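# Reading the structure
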Amino acid sequence: MSITKHEELIGMRKVSEAVAYTLKEMRNYAKPGMTTKELDDFGAKILSGFGAKSAPYLTYGFPGWTCISVDNEFCHGIPSEKRILKGGDLVNIDVSAELDGFWSDNGGSFVLGEDINQHQKLVDASKEILQKAIRNIKGGIKISEVGYIMETEAKKRGFKVVKNLGGHGIGRSLHEQPDEIMNYKNRFDQRRFRKNSVVAIETFITTTSTYATELSDGWTMVGNKGGFMAQHEHTIVVTDGKPIILTEMNGIWN
C-alpha cells in the first residue's frame, strides 16, 4: 500500500495502535503458570475492544487470534490450553489485525521472568538489529541492502538469520508487495523501498538454524537445526528521511 491521502494515514495509525497496544498488554499480562490460550483470549478481548479483527484468522483461518510461540517454536505457534508458560521461557507474540479496511502487523520476543536459560542476549540482538534496519530505510534504498545490514549485524553478535522468512508490504491486506523483505542480502533482488509505502519489517535472528520448517500441525515453525529464534516487528511508512513507525507504542524496544 502507498499512502496517497491523509485519511489513509489516519486509518493505518488506528489499526496500528490497536495491534501495538494489544501486543504491549499481552506481554505485560503473560505470567508463569498461564496457558497460551489464556494469553490469546486476553489479546482477543483487547483487539475486539478496538473493533479490530485478527488478521491470521481472517486471512488464513488460523486457529487463534494471535500467534504465540514458545522456546524452540520459531513462529506461528497455535495458542493452546495444553501449553503452560514457565519462568525463563522465550516467548514470541505476533499480533496483526484489520480495522476499517486497514491492516497492521507487529511482534516481539521476550524472556518471561528471570533469564534462567540465557535467552536475553538473543532477544536484545533482535531488537537492536530491527532498530538499525529501520533507521536505514528510506525511499530509494535497496531492499537487499537492509537485508545485508540484518545479516551482518547478526553475524557480529554470533547469531544467524532465517533465510525463508521475511517482512512484507501491508496496508489493504495482511501481505502485499513488496513481499520477501529478507534478513540477508539477495544480490538478485534489485527492488527499492518506495516513499509513502507501508511495510512490516521484521527480524528472524537465530542461534543455530537458517531455515524454518513447519510442524505436522500445519502452522507452527521450528528451526531446521533446532535452537532458538527471536523476532521483532514494526509496521512503518517509508519516507524520504526517518520512517514513521506506526506501531511504536508497543514498546518492544524498551
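Below is a summary of the structure that appears in this document. (Residues numbered from 1 in each chain as written. Predicted model: local features only at pLDDT ≥ 70, side-chain atom pairs only at ≥ 80, totals over all residues. Heavy atoms only, no water.)

Right, let's talk about the packing of helix α1 (residues 6-29) against helix α2 (residues 36-50) for a bit. Where α1 contacts α2, the axes come no closer than 9 Å and their chain directions differ by 150°. The orientation of α1 relative to α2 falls into the category roughly antiparallel. At the point where α1 passes α2, the crossing takes the right-handed sense. Touching Glu 17, Ala 18, Val 19, Tyr 21, Thr 22, Glu 25, Met 26 and Tyr 29 of α1 are Glu 38, Leu 39, Asp 40, Phe 42, Gly 43, Ile 46, Leu 47 and Phe 50, all from α2. Per-class residue counts for the contact of α1 with α2 are 10 nonpolar, 2 polar and 4 charged. (Axes fitted to C-alpha atoms, helices over the stretch in contact; angles between N-to-C directions. Helix = DSSP H or I, 4+ residues; strand = E, 2+ residues; numbered from the N terminus. Parallel < 35°, antiparallel > 145°, perpendicular 65-115°, else oblique. Left-handed = near helix turned anticlockwise from the far one by under 90°. Contact = heavy atoms within 4.5 Å. Nonpolar A, V, L, I, M, F, W, Y, C, P; charged D, E, K, R; others polar.)

Bringing the pairing of strand β9 (residues 198-202) into the picture now. Summarising burial for β9: 5 of the 5 residues are buried, a large majority. On β9, burial covers both faces: Val 198, Ala 200 and Glu 202 on one face and Val 199 and Ile 201 on the other are all buried. One ladder, built from 2 bridges, connects strand β7 (residues 166-169) with β9; its direction is antiparallel. Paired with Gly 169 across the two strands is Val 199, which belongs to β9. (Buried < 20%, exposed > 50% of the residue type's maximum accessible area, 1.4 Å probe, protein only. Pairing = 2+ DSSP bridges.)

Moving on to the pattern of salt bridges. For the structure on display, the rule yields 13 salt bridges. Ionic pairing is found between Glu 151 and Lys 163, a salt bridge with its closest N-O pair at 3.8 Å. Linking Glu 151 in helix α5 (residues 143-156) with Lys 163 in the loop between β6 (160-161) and β7, this pair joins segments that are 12 residues apart in sequence. On the accessibility criterion, Glu 151 (16% relative accessible area) is buried. (Salt bridge = Lys/Arg side-chain N within 4 Å of Asp/Glu carboxyl O.)

Here the focus is the environment of Asn 186. As for its placement among the helices and strands, Asn 186 is situated in the loop between β8 (176-182) and β9. Look at Asn 186 and you get partly exposed, because its relative accessible area is 28%.

Here we come to the pairing of strand β14 (residues 232-237). Of all 6 residues making up β14, 6 are buried, and the element is well covered by its neighbours. Burial along β14 is two-sided: His 232, His 234 and Ile 236 facing one way and Glu 233, Thr 235 and Val 237 facing the other are all buried. With 2 bridges joining them, strand β5 (residues 102-111) and β14 adopt antiparallel strand pairing. Bridged to Gly 107 within β14 is Glu 233. Bridging between β9 and β14 involves 5 bridges; their strand directions are antiparallel.

Overall, antiparallel pairing links the 3 strands, which are arranged β6-β10-β13 in an open sheet. This sheet does not close on itself; its edge strands, each paired only once, are β6 and β13 (229-230). Note: β6 against strand β10 (residues 205-206), 2 bridges, orientation antiparallel. Across the sheet, residue Val 161 finds its bridge partner in β10, namely Ile 205.

Moving on, we get to the packing of aromatic side chains. This structure, assessed with the given rule, holds 4 aromatic pairs. Aromatic pair Tyr 21 and Phe 50: ring centres 5.9 Å apart, planes at 65°, arrangement edge-to-face. One end of the pair, Tyr 21, is in helix α1; the other, Phe 50, is in helix α2, and 29 residues separate them in sequence. Residue Tyr 21 is classed as partly exposed on the basis of its relative accessible area of 32%. Residue classification places Phe 50 among the partly exposed residues on the basis of a relative accessible area of 29%. Between the aromatic rings of Tyr 29 and Phe 42, the centroid separation amounts to 3.8 Å while the plane-to-plane angle is 10°, which identifies the pairing as stacked. Of this pair, Tyr 29 sits in helix α1 while Phe 42 is found in helix α2, placing the two residues 13 residues apart along the sequence. You can call Phe 42 partly exposed: its relative accessible area is 22%. Directly above the ring of Tyr 184 sits Lys 163, whose terminal nitrogen or CZ lies 5.0 Å from the centroid. (Phe/Tyr/Trp six-rings, centres within 6.5 Å; stacked < 30°, edge-to-face > 60°. Lys NZ or Arg CZ within 6 Å of the ring centre and 35° of its normal.)

To continue, consider the packing of helix α4 (residues 120-135) against α5. At a minimum axis separation of 9 Å, α4 and α5 run at an interaxial angle of 150°. Accordingly, the angle class assigned to the pair α4 and α5 is roughly antiparallel. In this structure, α4 meets α5 at a crossing whose hand is right-handed. Contacts between α4 and α5 involve Ile 129, Lys 132 and Ala 133 from the first element and Val 146, Ile 149, Met 150, Glu 153, Ala 154 and Lys 156 from the second.

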